Amino acid sequence: MRYLRLLFVVVLAAVLIVVALANRQFVEVSLIPAGLDQWVPGEWSARMPLFLIILLAILAGMLLGVVWEWLRESSLRRQSAQRAHELQVLEREVGSLRKTHHAPRDEVLAILDAPKPPATGTTPAAGTAALPAKS
């Protein structure tokens, strides 16, 4: 599995390098449409290589996906925290019940609750057969 992951990273790096080498030309990137630049002061465009724009777009998509999943799973994290709290409460309760259950009991009750020994003399001895009744 480790080699498979390493192979994936190497292939991904090679693909990114090939894309970067194939898209080295500079392009103009504007953040504000051409009609609105007269009302917004400042320089809102830049010249940069195309591969940098591609990589930044991929990075922005990954970041957006991470934030989206973090927000989507917030209810699951909240439920997990509630269940962890409930588990701690139940573990404390079980611990206290174990302490009280294993506490020394009254001796009279212990004698009454003890298993009774089997009655002797009512069963035939081992190895002897009972005689059939005569009719």
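Residues numbered from 1 in each chain as written. Predicted model: local features only at pLDDT ≥ 70, side-chain atom pairs only at ≥ 80, totals over all residues. Heavy atoms only, no water.

A. Spotlight on a nonpolar patch on the surface. A cluster of nonpolar side chains, namely Phe-8, Val-9, Leu-12, Leu-16, Leu-55, Ile-58 and Met-62, defines an oily patch on the protein surface of about 630 Å² accessible area. Looking at the nonpolar patch, the elements that each hand over two or more residues are helix H1 (2–22) and helix H2 (50–72). When residues of the nonpolar patch are assigned to their parent elements, the largest contribution, four residues, is made by H1. Assignment of secondary structure puts Leu-12 in helix H1. What makes Leu-12 partly exposed here is its relative accessible area of 42%. (Patch = residues over 30% accessible without salt bridge, like charges linked within 9 Å, V, L, I, M, F, W, Y side chains within 5 Å. Areas by Shrake-Rupley, 256 points an atom, 1.4 Å probe, with all protein chains shown as cover. Salt bridge = Lys/Arg side-chain N within 4 Å of Asp/Glu carboxyl O. Helix = DSSP H or I, 4+ residues; strand = E, 2+ residues; numbered from the N terminus. Buried < 20%, exposed > 50% of the residue type's maximum accessible area, 1.4 Å probe, protein only.)

B. Inspection of the packing of H2 against helix H3 (residues 74–101) at higher detail. Put simply, H2 and H3 touch, their axes get as near as 4 Å, and they point 40 degrees apart. For the element pair H2 / H3, the angle class is oblique. Of the residues in H3, those in contact with Trp-70, Leu-71 and Arg-72 of H2 are Ser-74, Ser-75 and Arg-77. Residues belonging to the contact of H2 with H3 are distributed by class as follows: two nonpolar, two polar and two charged. (Axes fitted to C-alpha atoms, helices over the stretch in contact; angles between N-to-C directions. Parallel < 35°, antiparallel > 145°, perpendicular 65-115°, else oblique. Contact = heavy atoms within 4.5 Å. Nonpolar A, V, L, I, M, F, W, Y, C, P; charged D, E, K, R; others polar.)

C. A look at the confidence of the model for the protein chain. Of all residues in the protein chain, 86% attain a pLDDT of 70 or more, and the chain-wide mean is 84. When pLDDT is averaged over each element of the protein chain, H2 comes out on top at 94 and helix H4 (residues 107–113) at the bottom at 72. (pLDDT = per-residue confidence, 0-100.)

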